[in-house]
Amino acid sequence: TLGQLNAPPLTGLSHLQLDVSDLDANVEWYTTALGVDVLRGEPGRYTTVQSDKGRFRLILAAGGTAGARGALDHIAFAVADLDALITWGEHLTAIGIDHEDIVPNIVGGHPLDLFDPDGNNIELVYEA
């Protein structure tokens, strides 16, 4: 029946993978904009980045086309509260990363949207 599982439960999200047009430019953008660290990779093929607390991993893989959106609409990273989101906006502005303004209370959250070099929508959100 629906809801029953005959296997061990999933423990969380492992990673997300984005195909990008310029691997080096995207690695630089993600490490600068989001402060993630390079974990591992294979030059010219992929780079795995990870948050400093290891809560998520993002694989950036060569072979994408800039502006060619796939089935993935956006990636949303959670922040602790509205003050943290405001601080993120100030930080991004200070380091020269373009972003949209915080939108108050969209379906129970406060998103701040930014876009990587390929136009992928990265959202930082406080879920109120």
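Now for a quick tour of the structure.

Conventions and cut-offs
- Residues numbered from 1 in each chain as written.
- Predicted model: local features only at pLDDT ≥ 70, side-chain atom pairs only at ≥ 80, totals over all residues.
- Heavy atoms only, no water.
- Axes fitted to C-alpha atoms, helices over the stretch in contact; angles between N-to-C directions.
- Helix = DSSP H or I, 4+ residues; strand = E, 2+ residues; numbered from the N terminus.
- Parallel < 35°, antiparallel > 145°, perpendicular 65-115°, else oblique.
- Contact = heavy atoms within 4.5 Å.
- Pairing = 2+ DSSP bridges.
- Expected span 1.5 Å × (residues − 1).
- Buried < 20%, exposed > 50% of the residue type's maximum accessible area, 1.4 Å probe, protein only.
- Arc of directions from axis to C-beta.
- Polar contact = N/O pair within 3.5 Å; in protein donor to acceptor, adjacent residues only side chain to side chain.
- Phe/Tyr/Trp six-rings, centres within 6.5 Å; stacked < 30°, edge-to-face > 60°.

## Focus: the packing of helix α1 (residues 23–34) against helix α2 (residues 82–94)
So, point 1. Two numbers describe how α1 lies on α2: the axes approach to 9 Å, and their chain directions differ by 130°. Here α2 runs oblique to α1, going by the angle between their axes. Across the interface between the two elements, Thr32, Ala33 and Leu34 of α1 pack against Trp88, His91 and Leu92 of α2.

## Looking at the sheet that holds strand β1 (residues 16–20)
So, point 1. The mixed open sheet is built from four strands, whose spatial order is β1-β4-β3-β2. Lying at the two open borders of the sheet, with one neighbouring strand each, are β1 and β2 (37–42). Geometrically, the sheet is characterised by an average inter-axis angle of 20° between neighbouring strands, direction not taken into account.
So, point 2. Where β2 and strand β3 (residues 46–50) come together, five bridges link them in antiparallel fashion.

## Remarks on the side chain of asparagine 26
So, point 1. Residue position: asparagine 26 is located in helix α1.
So, point 2. With near-sequence residues (within four places) excluded, asparagine 26 lies in contact with Val20, Ser21, Leu60, Asp116, Pro117 and Asp118.

## A look at α2
So, point 1. Given a rise of 1.5 Å per residue, 13 residues ought to cover 18 Å, and the 18 Å separating the end C-alpha atoms of α2 matches this to within 8%.
So, point 2. Those residues of α2 that fall on the buried side of the exposure criterion are Leu85, Gly89 and Leu92. The arc that holds every buried residue of α2, seen down its axis, measures 70°, which confines them to one face. Residues of α2 that are exposed and angled more than 90 degrees away from the buried face: Asp83, Glu90 and Ala94.
So, point 3. Where α2 is buried, its residues contact α1, β6 (109–115) and β7 (121–127).
So, point 4. Looking at where α2 begins, the residue whose side-chain oxygen comes 3.2 Å from the main-chain nitrogen of aspartate 83 is aspartate 81.

## Thoughts on the packing of aromatic side chains
So, point 1. Here the structure, examined in full by the defined rule, presents two aromatic pairs.
So, point 2. Their ring planes at 80° and their centres at 4.8 Å tell us that tryptophan 29 and tyrosine 30 sit as a pair that is edge-to-face. Assigned by exposure class, tryptophan 29 and tyrosine 30 land together as buried.
So, point 3. The interplanar angle of 35° and the centroid separation of 4.3 Å between the aromatic rings of phenylalanine 56 and phenylalanine 77 together place this pair among those described as tilted.

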